[in-house]
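Listed below are the residues making up each chain.
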Amino acid sequence: MSPGTHGSFTIGSVSAEPGTTAFGTLRVPARQGDPGAEIPISILNGHAPGPVLALTAGVHGMEYVPILTLQRLRRSIDPRTLRGTIVMVHVANTPSFLGRTIYYSPVDGQNLNRVFPGRTDGTLSERIAHAITEHVIARATHVVDLHGGDGNESLRPYAYWITTGTPDVVDASRALALAFGLDRIVVDHERPTDPQASMYLSNTAITRGKPAITTEAGCLGGVDAADIAIVERGVAGVLRHLGMQDDGPPPVANPVWLTRNEVLRAGATGLFYASVRRGEMVAAGARLGVVTGYDGSELQTVAAPFAGEVLYVVETPPINRGEPVAMVSAPDAGR
Ligand SMILES: [Zn+2]
């Protein structure tokens, strides 16, 4: 983009002139009995041209830290000194946020972060995904999807680096992960490569040739100021890295690259009792927790498959068969 071409930036009914910030909603119309959704977005249009960075929060509605962070950043980032444009999706999954649900939409029971790129004639989650794909990801040059531990998950901060894109996108995504500054980076080799079945928001960007990362900070329905500061710092690092702002923290110097990762799942429905804490180092075979029946009888002991670090662990009692109970990661490739 040359300087002469930098003008207003418009998504749906929301339009920001250069050097200004605009707020509005992206409307997902009602369909076949469901109410549709109004997705709140901000456009911070810089005074000069540059990258278009999409920052998305609330794909999971009980991950509050990223949502609160975007509210703060919206006020603290001055578009008069910004180069390029920031598109903020304040709460991608408003049904889940307002309904206070983990993982799944209260409207259709789907996980929004498994139905990308979405479709226009589908469920509400699929239509929200489609709106974000078409109106946000399609307009962006870079995407950071901000998550945290869900309402049931205790989590230590980390980022996902997806390695299944084209080499230039993989390299640029790696640089984004470093710029965000978290000291644990999960190396994810297993995301789909088909743009029509991208499943995840950040992978929707990657399968369309745009660098992207997913970040995780905050957990258990919390609104901790220290976690908000971690996300604020991360975004500031990305803005500096992309040349959108002059100031910002440097990239993380020596992150732990976690190449061996396993999500442990419940083999039964009932109650989950965690035996470990987030960030704890565990030995191979160590007990991570126990699934019990309603009478307290032990149904399953969940053990660490290898020595590593507990990135997250479920810390509230309800558990359904097949759901994650913990994630263990290690730097050792080993397989
Ligand atoms: Zn999430």
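Residues numbered from 1 in each chain as written. Predicted model: local features only at pLDDT ≥ 70, side-chain atom pairs only at ≥ 80, totals over all residues. Heavy atoms only, no water.

A. How the structure looks around the pairing of strand β18 (residues 308-314). Burial runs high along β18: seven of the seven residues are buried. Note: strand β15 (residues 281-282) against β18, two bridges, orientation antiparallel. Each bridged residue has a counterpart across the sheet, and for V282 the counterpart in β18 is G308. (Buried < 20%, exposed > 50% of the residue type's maximum accessible area, 1.4 Å probe, protein only. Helix = DSSP H or I, 4+ residues; strand = E, 2+ residues; numbered from the N terminus. Pairing = 2+ DSSP bridges.)

B. View of the pattern of salt bridges. Taken as a whole and assessed by the stated rule, the structure comprises 12 salt bridges. Between D188 and R191 there is a salt bridge; the shortest N-O distance is 2.5 Å. Of the two residues, D188 and R191, neither departs from the other in class, the shared state being buried. Salt-bridge contacts for E315 lead to R277; the nearest nitrogen and oxygen are separated by 3.3 Å. Remark: R277 occurs in the loop between β14 (270-274) and β15 and E315 occurs in the loop between β18 and β19 (318-319); sequence separation between them is 38 residues. With relative accessibility at 31%, the residue E315 sits in the partly exposed group. (Salt bridge = Lys/Arg side-chain N within 4 Å of Asp/Glu carboxyl O.)

C. How the structure looks around the nonpolar core. In terms of nonpolar packing, the biggest core is built from 38 residues, with L55, I86 and F180 touching the most fellow members. Of all the secondary-structure elements, those providing two or more residues to this core are β5 (48-56), α1 (64-76), β6 (83-89), β7 (142-147), β9 (158-162), α4 (167-180), β10 (184-188) and α6 (225-241). Element by element, the count of residues in this core is highest for α4, at six residues. Apart from residues lying up to four places away in sequence, I86 is in contact with S42, I43, L44, L53, L55, I77, L239 and M244. Counting residues in hydrophobic clusters, the runner-up holds 35 residues, among them L26, A37, L112 and A131. (Core = buried A, V, L, I, M, F, W, Y, C linked by side-chain atoms within 4.5 Å. Contact = heavy atoms within 4.5 Å.)

D. Spatial organisation of the packing of aromatic side chains. Here the structure, examined in full by the defined rule, presents four aromatic pairs. Measuring from ring centre to ring centre gives 5.4 Å for Y103 and Y104, while their planes differ by 75°; the resulting arrangement is edge-to-face. The class of Y103 is buried, set by a relative accessible area of 9%. Here the aromatic rings of Y158 and Y160 are separated by 5.1 Å at their centres, their planes lie at 70°, and the arrangement is edge-to-face. Per residue, the accessibility class of Y158 equals that of Y160, and both read buried. R139 extends its terminal NZ or CZ atom over the ring of F9, reaching a point 4.3 Å from the ring centre. Positioned above the aromatic ring of Y200 is the side chain of R191, whose terminal nitrogen or guanidinium carbon lies 4.0 Å from the ring centre. (Phe/Tyr/Trp six-rings, centres within 6.5 Å; stacked < 30°, edge-to-face > 60°. Lys NZ or Arg CZ within 6 Å of the ring centre and 35° of its normal.)

E. A look at the coordination of the zinc ion. Looking at the zinc ion, the protein donor atoms are H60 (ND1), E63 (OE), E63 (OE) and H147 (ND1), and they sit 2.1 to 2.3 Å from it. Coordination of the zinc ion draws on donor residues from a single chain, spaced H-x2-E-x83-H in sequence. Of the two residues, E63 sits in the loop between β5 and α1 while H147 sits in strand β7, which places them 84 residues apart along the sequence. The pair E63 / H147 is uniform in exposure class, with both members buried. (Donors = N, O, S within 2.8 Å, 3.2 Å for Na, K, Ca; no water.)

F. Structural context of the pairing of strand β4 (residues 37-45). In terms of burial, β4 is a largely internal element, eight of the nine residues being buried. Of the pairings in the sheet, the one linking strand β3 (residues 20-28) to β4 comprises nine bridges and is antiparallel in character. Opposite V28, over in β4, you have A37 as the bridge partner. Pairing of β4 with β6, which is carried by five bridges, proceeds in the antiparallel orientation. If you follow L44 over to β6, its bridge partner there is I86.

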